[in-house]
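Breakdown of the fold
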Amino acid sequence: MAVDVVEVPLGERSYEVRIGPGLVARAGEEMAPLLQRPMVWVVSEEAVARLHLQGLKDGLGVTGIGMEALILPAGEATKSWEHVIGTVEWLLDEKVERGDVVVALGGGVIGDLVGFAAAILRRGVRFVQIPTSLLAQVDSSVGGKTGINTRHGKNLVGAFHQPSLVLADIDVLGTLAERDFLAGYGEVVKYGLLGDANFFSWLEANGPGLAAGDMALRQEAVRRSVQMKADIVVRDETEQGDRALLNLGHTFCHALEAATGYSDRLLHGEGVAIGCALAFELSARLGLCAQEDPSRVRAHLSNMKMKRDLYDIEGELPGATALLSLMGQDKKVVDGQLRFILARGIGEAVVTAEVPQDVVRGVLADALATGSGLALRGA
Ligand code: GLY
């Protein structure tokens, strides 16, 4: 299979996202033009390093590029001040210079953390993203959002710092557990729902095949998702407007993640998928989209054997009012007003602040009570 290239044209911060098989094994060739000396500094996490670090070392070695590696603990807790400090101090111990390149090998946690460390080290060094989860390939590795969590919430500290190159190796997806793959697929579905009805139809037809392991379908899903993300990021790099569309489903998701303690009870992409279903339900109740749209969203999630309802989340959840108040912590709050990403239909998301809280509370209450009033309407 040939490698697809998606350009992210941002002037002097432009870069390519290369998508295809065998990219880790060819990492030296892919990265060599970026390097001022034949050496890179790789930051990864334990689980990913076990699977892919030696392959990366070999891939770099083919072209005579050496590497040093820092291996951090796996998991969301790594996106912390403590590990930013540890990473930056390690890079300084290693005497990484302004013209050198740091490599993030991992999922969204590693990409966000290493990108942030690269943004602040010597006021900014270049970094390459090698995303190893589907979620990171289609979303977090592209677009330059980097950052960490604090006790106040997720991603509240960070910087826009674009990578110099993204290598999305489709082979690597074969090492993911099914649950992690499907969680990443939540972000893929999001792209169809927010801006491309044809892509959503394509996913309805091809989603089961790509989940079953079809490499060509996987590559095409990643390519189309990345192209959509690149188009939006180029229009609105620092999220003054359109980029917020990428947060479809995320306001609900962030509340659910907080309610489940950012634990294994709910993976981020699972929360996005449920959040998209709730966002469509809210849109339908507000008369914005057709009544059939939420059912169609949920039918696809169900067909993919994904979580789609609040009752798919194990354990107790807080009530609707408490969930609504957790939504108030969202970064999209402006002047105390929650901004929602809603939809006029499949593939037509819009940003709006005009959402009566009692309608949101009603959607949540019904979802908590019945597995959603939604279920009563089919799907
Ligand atoms: N993940 C949303 C964004 O990059 O804007």
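Notes on the structure follow. (Residues numbered from 1 in each chain as written. Predicted model: local features only at pLDDT ≥ 70, side-chain atom pairs only at ≥ 80, totals over all residues. Heavy atoms only, no water.)

Some remarks on the site of the ligand
Taken together, Asp139, Lys145, Lys229, Glu239, Arg243, Leu246 and Asn247 form the complete shell of residues around the ligand. Within the contact set of the ligand, an oxygen atom lies 2.9 Å away from a side-chain nitrogen or oxygen of Lys145. Taking Arg243, its side chain carries an N or O atom lying 2.7 Å from an oxygen atom of the ligand. Burial of the ligand by the protein chains amounts to 88% of its free accessible area of 200 Å². Its residues assigned to classes, the shell around the ligand comprises one nonpolar, one polar and five charged. (Near = heavy atom within 4 Å. Polar contact = N/O pair within 3.5 Å; in protein donor to acceptor, adjacent residues only side chain to side chain. Areas by Shrake-Rupley, 256 points an atom, 1.4 Å probe, with all protein chains shown as cover. Nonpolar A, V, L, I, M, F, W, Y, C, P; charged D, E, K, R; others polar.)

A closer look at the packing of helix H10 (residues 268-285) against helix H11 (residues 292-303)
When two helices pack together, you describe them by how their axes are tilted relative to each other and by the distance separating the axes. Running from N to C, H10 and H11 cross one another at 165°; their axes reach a closest spacing of 8 Å. What the angle tells us is that H10 and H11 run roughly antiparallel. The handedness of the crossing between H10 and H11 is left-handed. Contacts between H10 and H11 involve Ala273, Ala277, Phe280, Glu281 and Ala284 from the former and Asp293, Pro294, Val297, Arg298 and Leu301 from the latter. Class assignment for the residues of the contact of H10 with H11 results in seven nonpolar, no polar and three charged. (Axes fitted to C-alpha atoms, helices over the stretch in contact; angles between N-to-C directions. Helix = DSSP H or I, 4+ residues; strand = E, 2+ residues; numbered from the N terminus. Parallel < 35°, antiparallel > 145°, perpendicular 65-115°, else oblique. Left-handed = near helix turned anticlockwise from the far one by under 90°. Contact = heavy atoms within 4.5 Å.)

With respect to unusual backbone geometry
Even without being a glycine, Asn155 presents a positive backbone phi close to 60°. Even without being glycine, Lys305 reaches a positive phi, approximately 60°. A relative accessible area of 71% means that Lys305 is categorised as exposed. (Buried < 20%, exposed > 50% of the residue type's maximum accessible area, 1.4 Å probe, protein only.)

Observations regarding the side chain of Asp169
Relative to the helices and strands, Asp169 is located in strand E9 (residues 165-169). Of the side chains with opposite charge, Arg26 lies nearest to the buried Asp169, which makes no salt bridge, at 7.6 Å. Polar side-chain contacts of Asp169 include one of 3.3 Å to the backbone nitrogen of Gly22. (Lys, Arg positive; Asp, Glu negative; His and termini not counted. Salt bridge = Lys/Arg side-chain N within 4 Å of Asp/Glu carboxyl O.)

Functional significance is not addressed by these values, which are geometric in nature.
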